[in-house]
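Observations on chain architecture
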Amino acid sequence: DAKTTQPNSMESNEEEPVHLPCNHSTISGTDYIHWYRQLPSQGPEYVIHGLTSNVNNRMASLAIAEDRKSSTLILHRATLRDAAVYYCILRTQGGSEKLVFGKGTKLTVNP
Amino acid sequence: EPEVTQTPSHQVTQMGQEVILRCVPISNHLYFYWYRQILGQKVEFLVSFYNNEISEKSEIFDDQFSVERPDGSNFTLKIRSTKLEDSAMYFCASREPGNSNQPQHFGDGTRLSIL
């Protein structure tokens, strides 16, 4: 599985935007970039995914670099409920079903 | 919004005993998974299940583990003879039909404590 690198932790203030980076320099052409998050005492939760173009949904936006070697998950206005561990995961189209979780980025949101 | 439900939320079992963890996936989903997370560690894949058979399993999923879909709604994980190191959160997940990039939906887990 292609490797991703994320900061161990980040901090934000409530109602401010948050940009969570992910490096994936060995990404291949058929790898999709997925983001999941895990709130305290809960199971992982899907956030967003994309291949080449930037993506938006009700939870977040995903900005993908032109060379696809990095991406950024954007939370437009952080709330206390967004405090979680965020995981950037590469998935190969037609490949393994398993999700390979790293350590992720622990996001703290200050009131 | 439909969700994956897991029971029990907490299971305490003596070492060497059998345990069955239960999951009710989202109703129209056809792909099912078990993951585990030892306290303070990463979420680890155990097994994927489709069309009434295991499609992929990890090295963790040895002969002590088995999965079953006994009816149209439940998906179970059985550990035949539990060990202390089986203590962990166990998460069930499911996804709808389609390509593998469909998101996996997770339950809130069963905390398994082996004494």
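Please refer to the structure higher up on the page.
Quick summary incoming for the structure in this document. Remember, it's a predicted structure, so these values are computed and weren't measured experimentally. (Residues numbered from 1 in each chain as written. Chains lettered and ligands numbered in written order. Predicted model: local features only at pLDDT ≥ 70, side-chain atom pairs only at ≥ 80, totals over all residues. Heavy atoms only, no water.)

**Notes on the side chain of A:H24**
- Along the chain, A:H24 falls in the loop between β2 (18–23) and β3 (31–38).
- Sequence-distant contacts of A:H24, defined by excluding residues within four places in its chain, comprise A:K3, A:T4, A:I33, A:R68, A:K69, A:S70, A:S71, A:C88 and A:L90. (Helix = DSSP H or I, 4+ residues; strand = E, 2+ residues; numbered from the N terminus. Contact = heavy atoms within 4.5 Å.)

**With respect to unusual backbone geometry**
- With an omega dihedral of -10 degrees, the bond running from B:T7 to B:P8 counts as a cis peptide bond.
- Position of B:P8 relative to the elements: it lies in the loop between β1 (5–7) and β2 (10–13).
- In this model, A:S41 sits at a positive phi of 60 degrees, which is unusual for a non-glycine residue.
- Among the residues examined, A:S41 registers a relative accessible area of 74% and is labelled exposed.
- Phi is positive for A:R68, which is not a glycine, with a value near 65 degrees.
- Following the sequence through the fold, A:R68 ends up in the loop between β6 (61–64) and β7 (70–75). (Buried < 20%, exposed > 50% of the residue type's maximum accessible area, 1.4 Å probe, protein only.)

**Digging into the packing of aromatic side chains**
- On inspection of all chains with the given rule, the structure shows 14 aromatic pairs over all chains.
- Between the aromatic rings of A:F101 and B:Y35, the centroid separation amounts to 6.0 Å while the plane-to-plane angle is 90 degrees, which identifies the pairing as edge-to-face. One end of the pair, A:F101, is in the loop between β8 (84–92) and β9 (105–110); the other, B:Y35, is in strand β4 (residues 31–37), on a second chain. With respect to class, A:F101 is no different from B:Y35; both count as buried.
- Between B:Y35 and B:F106, the ring centres sit 5.2 Å apart and the planes meet at 50 degrees, which makes this aromatic pair tilted. Note that B:Y35 is positioned in strand β4 and B:F106 in strand β10 (residues 105–106), a separation of 71 residues in sequence. In this pair, the class of B:Y35 matches that of B:F106, namely buried.
- Three or more aromatic residues joined by ring pairs make a cluster, and in this case those are A:Y36, A:Y46, A:Y87, A:F101, B:Y33, B:Y35, B:F45 and B:F106. (Phe/Tyr/Trp six-rings, centres within 6.5 Å; stacked < 30°, edge-to-face > 60°.)

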